[in-house]
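# Geometric and topological summary
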Amino acid sequence: MKKHWSLAALFVLSALPAHALDSRIAKQLDALAPDERREQRCDLEAIDRIKKDAEGEYKPDKVIAYTFADPIETGNLIRAPGAVFRSGGDWYRLKYKCETGEEGLTVMSFDYKIGSKVPRNEWEQHYLYE
């Protein structure tokens, strides 16, 4: 099942630079329901980690946790085996495992693996966009 986030929340979160968890982002995340907060926080962590680890190879600006499979939530742990991220106008498959603190704002552990580029002819069926 696809999750439908508040358009306002997605716009605000996606427009924030660098995705560092400063007080503005924390305030926006805190306004979300706990499961939404946790997933959005993990998406932001994925962006930060990929930017840092890829050393310029990728410049992610968006992560979607549920494109190819629904995230699996167990307590404070999210496994997103069917995630994607956008970089340089292309989408790439992504898997991540993210554990947050009780409030969903602090990332306790995060592991990820970047997969293949999603062919442009598959974007429409998976609701991906430029």
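Refer to the structure printed above.
Nothing here was measured: the structure is a model prediction, and the numbers come from that model. (Residues numbered from 1 in each chain as written. Predicted model: local features only at pLDDT ≥ 70, side-chain atom pairs only at ≥ 80, totals over all residues. Heavy atoms only, no water.)

### A look at the overall build of the protein
Applicable threshold: Strands are runs of DSSP state E lasting at least 2 residues, helices are runs of H or I lasting at least 4, and numbering of each runs from the N terminus. Three exposure classes are used, based on accessible area relative to the maximum for each residue type with a 1.4 Å probe and protein chains only: buried under 20%, partly exposed in between, and exposed over 50%. Whether two residues touch is decided by their heavy atoms; if any such pair falls within 4.5 Å, the residues are in contact.
Helix and strand counts for the protein stand at 3 helices and 5 strands. Element order for the protein, N to C, with α for helix and β for strand: α-α-α-β-β-β-β-β. For the protein, the residues scored as buried account for 43% of the 130 residues in total. For the protein, long-range pairs separated by at least 24 residues make up 49% of all intrachain contacts whose partners lie at least 6 apart in sequence.

### Description of unusual backbone geometry
Positive phi outside glycine occurs at Glu-55, with the angle close to 50 degrees. The topology assignment puts Glu-55 in the loop between helix H3 (34–54) and strand S1 (60–64). Since its relative accessible area comes to 73%, Glu-55 is described here as exposed. Look at Tyr-127: it is not a glycine, yet its phi comes out positive at around 60 degrees. Structurally, the position occupied by Tyr-127 is in the segment after strand S5 (107–117).

### A word on the pattern of salt bridges
What counts here: One speaks of a salt bridge when a side-chain nitrogen belonging to Lys or Arg is within 4 Å of a carboxyl oxygen belonging to Asp or Glu.
Across all of its chains, the model carries 7 salt bridges by this definition. Glu-45 serves as the salt-bridge partner of Arg-49, at 2.8 Å between the closest nitrogen and oxygen. Note that Arg-49 and Glu-45 are positioned in helix H3 at a spacing of 4 residues, about one turn of the helix. Looking at Arg-49, the relative accessible area reads 25%, which means it is partly exposed. The exposure class of Glu-45 is buried, given its relative accessible area of 10%. The salt bridge partner of Arg-120 is Glu-130, with a shortest N-O separation of 3.3 Å. Note that Arg-120 is positioned in the segment after S5 and Glu-130 in the segment after S5, a separation of 10 residues in sequence. With relative accessibility at 46%, the residue Arg-120 sits in the partly exposed group. Via salt bridges that share partners, Asp-90, Lys-117, Arg-120 and Glu-130 belong to a single interconnected network.

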